[in-house]
Amino acid sequence: MAVYGPERETQGGRRQVTFAVGVMMLALATPYLSEGVQQEIAFTLQASALQPFIATQQRLTETRANADRIDYLQSELDSLSAVVSTQSALADENRTLRELLGLTERAGPAFLPTTVLRPGTPGSEGMFLVEVGFDEGVREGAAVVSARGLVGVIREVRGRSSVGMDWNNPDFRASAMLVDGTTFGIVENVRGTFREQDRLMLNGTAYHEDVREGTLVVTSGLSGVLPRGIPIGRVESTAEVQGGWRKSYWLRPAVEPGSVTHVLVETVDGPPDLTVLWAADSLSADRVPALPGPGR
Amino acid sequence: MSAARAWRTWILVAALLILHFLLHVGLGYGRGAPDLLTVGLLLAAREVGLGGAAATGLFFGLLEDALSVLAFGANTVAMTAIGILGAFTRDLFVGDSRLFAISYFFAGKWMRDFIHWVMVGEGLRQPFFDQVLVQGAAGGAYAAAVGLVAVTLAGRPGEP
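In this report, the structure presented in the accompanying data block is examined.

Below, the discussion takes up the overall build of chain A. Helices and strands together make up the secondary structure of chain A, namely four helices and 12 strands. Within the span of chain A, comprising 296 residues, buried residues form 30% of the whole. Sequence-distant contacts in chain A: of pairs separated by 6 or more residues, those separated by 24 or more amount to 62%.

Structure follows, in structure tokens:
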């Protein structure tokens, strides 16, 4: 900051004081100017020296308004997406129910339609609940099917509900055969490193039988637990060959248990052979997931 | 005062003016931004004569009053008076110490708020304690901090 000594009494100094007093008088007069003059001064300064700052504020306000508008549009888009996605699930459920309705009509009263409930708790993987039980004629070992094929088997039966397991359960076993009846074996769950890597395997088939990829595998009915002819999946590839006497194959499952919401549960009146139920549609290639493709 | 230092001071005062209106009007920070206009006026008042300081205060005050709808003239009077008082300090206080600079900017800003409070009229006046003592003191401290930086940027006497 500058260091200044006392100002000498000069003519210039006196002029400075006079000018300063004049300016002060002018300043003191400004509050008493007429409103019109005050507004004129204000408008002049706003349109000149202050114009860039006022314009900046206007641009900033517009930008904020645009940002708010974008937020509003985004929320509208989110709402619309939510509606569309709900309708998509609804359409999917509608299609599933229509398929199931067709199967229900063909199966008759021997199968009961119901909804699948998944507990979703740790340790309940591969298990599901259905709202039909002993009172409706459901027994342990009853088949649980969808329009695409075998979903699982009933493990525990209660009065008005039952607990079933699908093929994701490590205990799942089903006697199976190729759809043409040439090769028999056992379909079982093979655990992967992660749950998502669980796969279905057709095990214990004769070594000399040549199984083509894409061949449909259905329940054989040999164990007396599951009726014959329910689609399980299609042969995807050879899993292993043991000692020149046994082969096993990876299957692409006909049903993805996680996506099943409505099923039919077999009752005591169920026929031992269900081949005819899927003969019309499910056994055709377009109903069971197509091959080739990666395992689940 | 060397010509280079005078130029530097006036450039700094112009920058403070632009920054003041950019922060207060352009970006709408309000009280969050310091009163750079008063800091600029106090800085200029130490560099120019009495008349120049009064004219600068008048101009700065009119700029602020152009955006003041209800109390036109209050800022003009306050800034002109501060300009004149700032120029008077050249005769009363000789020094460039940091303590003087802090006191100068603090007192200048506080007095500017006080004069504005007096001139604004009873209808618009807020309580003295709140407006002058509390907010004025806080604003003075803020201005002192900014002023100290401005003085440093302007350079010390004797510097080229």
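There's more to say after this.
On to the overall build of chain B. Summing up its helical and strand segments, chain B has six helices and zero strands in all. Starting at the N terminus and walking to the C terminus, you meet the elements of chain B as α-α-α-α-α-α. For chain B, buried positions account for 51% of its 160 residues.

With that settled, the discussion passes to the interface of chain A and chain B. At the junction of the two partners, chain A supplies 30 residues and chain B supplies 38 residues. Mapped onto the side of chain A that touches chain B, the elements with two or more residues apiece are helix 1 (11-29), helix 2 (35-47) and helix 3 (51-107) of chain A. Broken down by element, the side of chain A that touches chain B gets its largest block of residues, nine residues, from helix 1 of chain A. Of the residues belonging to the side of chain A that touches chain B, the class tally is 22 nonpolar, seven polar and one charged.

Residues and elements named next belong to chain A. Relative to the helices and strands, Asp273 resides in the loop between strand 12 (262-266) and helix 4 (275-279). Separated by 52 residues in the primary sequence, Asp273 and Gly221 place their C-alpha atoms 7.5 Å from one another. Those residues in contact with Asp273, other than ones at most four positions away along the chain, are Gly221, Pro227, Arg228 and Gly229.

Residues and elements named next belong to chain B. The largest bend in helix 6 (residues 128-154) comes to about 35 degrees, at Gly136. All of the buried residues along helix 6 are Val132, Gly136, Gly139, Gly140, Tyr142, Ala143, Ala144, Val146, Gly147, Ala150, Val151 and Ala154. The secondary structure elements touched by the buried residues of helix 6 are helix 1 (3-26), helix 2 (36-45) and helix 5 (98-119). The first or second residue beyond helix 6 is Gly155, which carries a positive phi of 95 degrees.

Moving on: the sheet that holds strand 1 (residues 111-117) of chain A. All names here are of chain A. Pairing in this closed barrel of six strands is antiparallel, and the strands run 1-2-5-4-3-12 around the ring. Each adjacent strand pair in this sheet contributes to an overall mean axis angle of 40 degrees, direction not counted. The pairing of strand 3 (residues 143-146) with strand 12 spans two bridges and is antiparallel. The residue bridging Val145 from the neighbouring strand is Leu264, located in strand 12.

Below, the discussion takes up the packing of helix 4 (residues 74-92) of chain B against helix 5 of chain B. Residue and element names in this part refer to chain B. Between helix 4 and helix 5, the shortest axis-to-axis distance is 8 Å and the interhelical angle comes to 145 degrees. Remark: the crossing between helix 4 and helix 5 carries right-handed chirality. In this structure, helix 4 contributes Ala74, Asn75, Val77, Ala78, Met79, Ala81, Ile82, Leu85, Gly86 and Thr89 to the contact, and helix 5 contributes Tyr104, Gly108, Met111, Arg112, Ile115, His116 and Met119. Considering only residue class, the contact of helix 4 with helix 5 consists of 11 nonpolar, five polar and one charged.

With that out of the way, let us pick up the packing of helix 1 of chain B against helix 6 of chain B. Residue and element names in this part refer to chain B. Axis separation between helix 1 and helix 6 bottoms out at 9 Å; the angle between their running directions is 145 degrees. Considering how the two elements wind past one another, helix 1 and helix 6 form a crossing that is right-handed. Contacts between helix 1 and helix 6 involve Arg8, Thr9, Leu12 and Leu16 from the first element and Ala150, Leu153 and Ala154 from the second. Partitioned by chemical class, the residues of the contact of helix 1 with helix 6 number five nonpolar, one polar and one charged.

Here helix 1 of chain B contains 24 residues, and its C-alpha end-to-end distance of 32 Å stays within 8% of the 34 Å for a straight helix at 1.5 Å per residue. Taken together, the buried positions of helix 1 of chain B are B:Thr9, B:Leu12, B:Val13, B:Leu16, B:Leu17, B:His20, B:Phe21, B:His24, B:Val25 and B:Gly26. Where helix 1 of chain B is buried, its residues contact helix 3 of chain A together with helix 2 and helix 6 of chain B.

For the rest of this paragraph, the subject is the pairing of strand 5 (residues 162-166) of chain A. Residues and elements named next belong to chain A. Across the five residues of strand 5, four count as buried, placing the element largely inside the fold. Where strand 2 (residues 127-130) lies against strand 5, four bridges are found, and the strand directions are antiparallel. Paired with Leu129 across the bridge in strand 5 is Val163. Pairing between strand 4 (residues 149-157) and strand 5: five bridges, direction antiparallel. The residue bridging Gly152 from the neighbouring strand is Asp166, located in strand 5.

All names here are of chain A. Pairing is antiparallel in the closed barrel, where six strands are placed in the order 6-7-8-11-10-9. On average, each strand axis in the sheet is inclined to that of its neighbour by 45 degrees, with strand direction left out of account. Where strand 9 (residues 216-219) meets strand 10 (residues 231-242), three bridges bridge the pair, whose relative direction is antiparallel. Within the sheet, the bridge partner assigned to Val217 lies in strand 10 and is Gly233.

Reading guide: rules and limits
Residues numbered from 1 in each chain as written. Chains lettered and ligands numbered in written order. Predicted model: local features only at pLDDT ≥ 70, side-chain atom pairs only at ≥ 80, totals over all residues. Helix = DSSP H or I, 4+ residues; strand = E, 2+ residues; numbered from the N terminus. Buried ≥ 20, exposed ≤ 12 C-beta atoms within 10 Å, placed from the backbone. Contact = placed C-beta atoms within 7 Å. Nonpolar A, V, L, I, M, F, W, Y, C, P; charged D, E, K, R; others polar. Bend = angle between axes of the 7 residues up to and from the residue. Pairing = 2+ DSSP bridges. Axes fitted to C-alpha atoms, helices over the stretch in contact; angles between N-to-C directions. Left-handed = near helix turned anticlockwise from the far one by under 90°. Expected span 1.5 Å × (residues − 1).

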